[in-house]
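# A closer look at the structure
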Amino acid sequence: MLATVLLPSEKEALKHLRYGFLYDKGWWKSWETKSPLDLDSKALPWVTYSFIDFIENRLNKNMIIFEYGSGNSTIYYSSKVKKVYTVEHDIDWFNKVSQTLPKNVMIENVELEYGGEYSLTSQKKDLKFDVIIVDGRDRVNCIINSIESLKDNGVLILDDSERISYQLGIDKLKEDGFKSLDFWGISPGLFYKKCTSVYYKNPNVLDI
């Protein structure tokens, strides 16, 4: 069998691939563990790095977030805001995640039925949210049913917003006067290009 001989330029490229941007962001750690982490093994949301860079210093301890879909993202957001409410449909994942969440997180398990109670969960709370994150199942209905749960200056974040299957929800946001800010790129441990979008009005809690 012939050995593969790399040119000096190829060796240099591989070196930067292994130890450059991807290393600094913790991409390789996420790849190896199959869990979104930064270089210090701290939890990250499974969204684009460009969005993480954007949101990093725009959250504050006065904010209350609602999140469709739970996991490392819940841990990440809870470290930056006052309180996180999150809903999870998968009972096994719910039981696992519940053991790792801090005290400022309120998590509940709601059975998934498209267009059912899961998508209505944000409406069941007796409060309005600064940020609503749609990153679970039944995303179109979650978008449509959570708009009225936002504060007047609240924002909605949709991950994987490039997917055509979510277009009806995006159209509803635009009909209601929301503008969009798209963050394209790769996410922790994943190769493919995707988009995480922020939907907002002016003024808004993120000072866009």
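Described in the following lines is the structure provided in the data block. What you see is a predicted model; the values in this text were computed from it and never measured. (Residues numbered from 1 in each chain as written. Predicted model: local features only at pLDDT ≥ 70, side-chain atom pairs only at ≥ 80, totals over all residues. Heavy atoms only, no water.)

### A look at the pairing of strand β5 (residues 150–159)
- Of all the 10 residues making up β5, seven are buried; the element is thus mostly covered by neighbouring parts of the structure.
- The sheet contact formed by strand β4 (residues 129–134) and β5 spans five bridges and is parallel. The residue of β5 that forms the bridge with Phe129 is Leu150.
- Remark: the β4/helix α8 (residues 139–146)/β5 crossover connection has right-handed handedness.
- Sheet topology places β5 next to strand β7 (residues 194–200); four bridges connect them, and they run antiparallel. The partner of Leu158 across the bridge, within β7, is Ser197. (Buried < 20%, exposed > 50% of the residue type's maximum accessible area, 1.4 Å probe, protein only. Helix = DSSP H or I, 4+ residues; strand = E, 2+ residues; numbered from the N terminus. Pairing = 2+ DSSP bridges. Right-handed = clockwise from strand over helix to strand, strands pointing away.)

### Remarks on the packing of aromatic side chains
- According to the stated counting rule, one finds 13 aromatic pairs in the structure shown.
- Ring centres 5.8 Å apart and planes at 70° place the aromatic pair Phe51 and Phe183 in the edge-to-face group. Placement of Phe51 in helix α4 (residues 49–55) and of Phe183 in strand β6 (residues 179–185) is noted, with a sequence separation of 132 residues between them. For the residue pair Phe51 and Phe183, the accessibility class agrees, reading buried in each case.
- Judged by centre distance (4.7 Å) and plane angle (35°), the ring pair of Phe54 and Phe183 falls under tilted. Note that Phe54 is positioned in helix α4 and Phe183 in strand β6, a separation of 129 residues in sequence. (Phe/Tyr/Trp six-rings, centres within 6.5 Å; stacked < 30°, edge-to-face > 60°.)

### Some remarks on the environment of Glu111
- In this fold, Glu111 is placed in the loop between β3 (105–109) and α7 (117–120).
- Distance from Glu111 to Ile91, taken between C-alpha atoms, is 8.3 Å for residues 20 residues apart in sequence.

### Quick look at the layout of surface pockets
- What the largest pocket holds in volume is close to 680 Å³.
- Along the walls of the largest pocket sit 31 residues, with Trp46, Ser70, Gly71, Asn72 and Trp93 positioned nearest its centre.
- For the lining of the largest pocket, the elements supplying multiple residues, two or more each, are α5 (72–78) and α6 (91–98).
- Considering only residue class, the lining of the largest pocket consists of 10 nonpolar, nine polar and 12 charged. (1 Å grid on protein atoms, 1.4 Å probe; cavity = no way out; pocket = protein on both sides within 12 Å on 5 of 7 lines; lining within 4 Å. Points joined across faces, edges and corners; volume = space filled by probe spheres on them. Nonpolar A, V, L, I, M, F, W, Y, C, P; charged D, E, K, R; others polar.)

### Digging into the environment of Pro36
- As for its placement among the helices and strands, Pro36 is situated in the loop between α3 (27–33) and α4.
- Along the backbone, Pro36 and Trp46 are 10 residues apart, and their C-alpha atoms lie at a distance of 5.9 Å.
- For Pro36, the contacting residues outside a window of four places in its chain are Ser30, Lys42, Ala43, Leu44, Pro45, Trp46, Asn72 and Pro188. (Contact = heavy atoms within 4.5 Å.)

### A short note on the nonpolar core
- Ranked by internal contacts, the top residues of the largest apolar core, which has 29 residues, are Phe51, Leu59, Ile65, Tyr77, Val198 and Leu206.
- Broken down by secondary-structure element, the contributors of at least two residues to this core are α3, α4, α5, β4, β5 and β7.
- Here the element with the most residues in this core is α4; it accounts for five residues.
- If sequence neighbours within four positions are ignored, Leu206 has contacts with Phe54, Ile55, Arg58, Leu59, Met63, Val155 and Val198. (Core = buried A, V, L, I, M, F, W, Y, C linked by side-chain atoms within 4.5 Å.)

### Structural notes on the packing of α8 against helix α9 (residues 167–175)
- Contact pair α8 / α9: the axes reach a minimum separation of 7 Å and the direction vectors enclose 20°. It follows that α8 is roughly parallel to α9 by the angle criterion. Relative to α9, the crossing made by α8 is left-handed. Residue-level contacts link Val140, Ile143 and Ile144 of α8 to Leu168, Gly169, Lys172 and Leu173 of α9.
- Of the residues contributing to the contact of α8 with α9, the split by class is five nonpolar, one polar and one charged. (Axes fitted to C-alpha atoms, helices over the stretch in contact; angles between N-to-C directions. Parallel < 35°, antiparallel > 145°, perpendicular 65-115°, else oblique. Left-handed = near helix turned anticlockwise from the far one by under 90°.)

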